[in-house]
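Residue strings, one per chain:
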Amino acid sequence: MRDFITGSTADLSVSLGDLRLKNPIMPASGTFSEDLSDVFDLDVLGAHVLKTIMHDTRAGNPTPRVCDMQSGMLNAIGIPSKGFAYFRDEMLPYWSAYRAPLVVSISAHSLDDFARLCAEVSLPGVAAIEANISCPNIEADGKAFAMRPDTTEQVMTRLRAETDLPLWAKLTPNTGEPVDVARAAQAAGADALVVANTVLGMSIDITTRTPRLGNVMGGMSGPAIKPIALRMTYQCAQACDIPVIGCGGISTLEDVLEFLIAGARAVQVGTATFQSPTTMARLVSELGAWMDTNNIRSVDEIIGTVQAPEAGVFE
Amino acid sequence: MTFTPTVLPVPAPQGLSLRCFEARCRVISNTPVNGEYRLLVLDAPAEVLDCQPGQFFQLLCPQPEGETPFLRRPMSIYGFDAAQGRLEFLYKVTGAGTRGLATLRPDDAFNVLGPLGQGFSMQDDWQHLMLVARGVGLATLAPLARMAQEKGRKLTAICSARRPELAMSVDLFESYGAEVIVVHDQNASSTPEALRPLIEARIAAGQVDAFYTCGSARLLRLLQDLGAKHGIPGEIAMEQQMACGLGMCQACVRQFRVGDRLIQRRVCREGPVFPIEEAIV
């Protein structure tokens, strides 16, 4: 298929286990909705990843919910959700009209609720489930399943038992043991790792001496966190056999290529869409043009090609 | 070097038209209009000029020295003219984003996203309109004047400001045939206590079918009270801090009172224009 801007005919397809994507560009959960169809044809994307669904309806956090930062933003939206029934009856039919595979992000406060929701969303029309085990806003002090290997293995084991669909684990950078957490998710049967989520942060208005977010703390995203996400992507790709999907601060073609070279098989774009809603469409075009220019026939020729330097001896 | 403003190329869905665009506009002028406000005039592509009064754009503000605004800044439309390819914003320099806007020079390229949100309505039986607004809220209501003239409606504009010379859009309202009443803080004519009899006299004379407002909690409460008492509907353009401006991020929610229920709505998507009686400030 010819690209709409560049005319490139490069094959951008990648596989994530059994799931074949026509290109490696997809939205990050929480930064994407049907509203973006006002701006471009969403079927150019490799996949559609919805905002995290929880079983019951939720109002979300008090405002202010976002805060402008240097090279990024803080958010504490709080997963406002219209609940599972709304997803099943309204959202699933809408998204099923697209050709791009639908990835449903789910979360819950407890293992039982998480497992139940995982079974419920395993419906025809859903291509994969992304388990948001890392959102730092859900519970007090930003605690999340993916902060520790044992709780990661517990929750992913429960979810694995509830679905035959591809099951992705969305990891958090807010852990001191990212490799052990990644291995725990793999051991529990995850089909892919999404690396990573927002970095827990805070900002204070010095005039009023009040936090700039209604929730006090929130998740940092955008170009400022890209080195952290890239480092974790590299670590997880080195340590695990299952596909890694890079996520964190990606906004340019160079960012996409860095994550692919570090070992990601696909990438998610989030905050960049807020700054420039045409970003993902542009990245698909630019990747094809870059592959043409560099005579690269398959994205597989890029993935995981990072060259680690030989260690010298300091004398 | 000059250039032709264009929208950024995107894949369009077959058989459907896109609702808003990222556009690379050209700055025509960016000049102070009084001690507090500046007017930015852009040469804009036709795709972004199918606007409704009350809609807004998300502006990708340049970085002023020493500051780094990251997210776009929402700004209501002050003027638009598809025939001339003109898009205008009236703004007050208050933060990093608007300080960045103030650095724009003629012929600079400037990226805008829009038009966004739901604009003002003007129902058929709203023949005599009254707008009551303050400060930069008057800029948001300015495009209503042309719409009223085009639809053959009578318009009374009560323009409130701290000082009479800071009342925005007075000439513009008059040029579209509106009756303009300037009220200000220096002679206390802008207080709700002073405005109430002024507005009620016109209601008694059958000269108010609908209200429009923006920019003042006190004015909103006054109009809510008068509207309920006299059965007069109206619309308000509201503000909230935003990230995406399209509805995806759900940052810009506000509470609204609908009957006896509290409803959460996104200012960018379901608004920024809402029924006056449902607004909560």
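This structure is a prediction, so every number in the text was calculated from the model and none was measured. (Residues numbered from 1 in each chain as written. Chains lettered and ligands numbered in written order. Predicted model: local features only at pLDDT ≥ 70, side-chain atom pairs only at ≥ 80, totals over all residues. Heavy atoms only, no water.)

Chemist: Report on the overall build of chain A, specifying residues and quantitative values.
Modeler: Counting secondary structure elements, chain A contains eight helices and 16 strands. For 315 residues, the compact-globule formula gives about 20 Å, and the C-alpha radius of gyration of chain A, at 19 Å, lands near that figure. In terms of overall dimensions, chain A has a C-alpha envelope of 60 × 50 × 45 Å along the principal axes. When the 315 residues of chain A are sorted by exposure, 59% land in the buried category. (Helix = DSSP H or I, 4+ residues; strand = E, 2+ residues; numbered from the N terminus. Rg over C-alpha atoms; globule rule 2.2 N^0.38 Å. Buried < 20%, exposed > 50% of the residue type's maximum accessible area, 1.4 Å probe, protein only.)

Chemist: Explain the layout of surface pockets residue by residue, including any values.
Modeler: By volume, the largest pocket amounts to about 1,300 Å³. Lining the largest pocket are 40 residues, and of these Arg73, Pro74, Thr94, Gln240 and Gln241 of chain B sit closest to its centre. Secondary structure elements with two or more residues in the lining of the largest pocket: strand S5 (66-69) and strand S13 (210-211) of chain A together with strand S5 (73-76), strand S7 (86-92) and helix H1 (96-101) of chain B. Of the residues contributing to the lining of the largest pocket, the split by class is 19 nonpolar, 14 polar and seven charged. Viewed by domain, the lining of the largest pocket spans two of them, domain 1 (6-116) and domain 2 (128-234) of chain B, each represented by three or more residues. (1 Å grid on protein atoms, 1.4 Å probe; cavity = no way out; pocket = protein on both sides within 12 Å on 5 of 7 lines; lining within 4 Å. Points joined across faces, edges and corners; volume = space filled by probe spheres on them. Nonpolar A, V, L, I, M, F, W, Y, C, P; charged D, E, K, R; others polar. Domains from an automatic or database assignment.)

Chemist: Could you give me a rundown of the UniProt feature "binding site: FAD" (unreviewed entry) in chain B, with the residues and numbers involved?
Modeler: Here the UniProt-annotated "binding site: FAD" (unreviewed entry) positions come out as Arg73, Pro74, Met75, Ser76, Gly97 and Thr98 of chain B. The greatest C-alpha distance among the residues just named is 14.2 Å, despite their covering 26 residues of sequence, which places them together in space. For the largest pocket, the lining residues among the annotations just cited are Arg73, Pro74, Met75, Ser76, Gly97 and Thr98 of chain B. Positionally, Arg73 of chain B belongs in strand S5. Look past the residues within four positions of Arg73 of chain B in its chain and what remains in contact with it is Asp68 of chain A together with Phe57, Gln58, Leu59, Cys61, Ala96 and Gly97 of chain B. On the secondary structure map, Gly97 of chain B appears in helix H1. Assessed through its relative accessible area of 3%, Gly97 of chain B is described here as buried. Aside from chain neighbours lying at most four places away, what touches Gly97 of chain B is Cys61, Pro69 and Arg73 of chain B. (UniProt positions renumbered as here; feature names shortened; annotations may be inferred. Contact = heavy atoms within 4.5 Å.)

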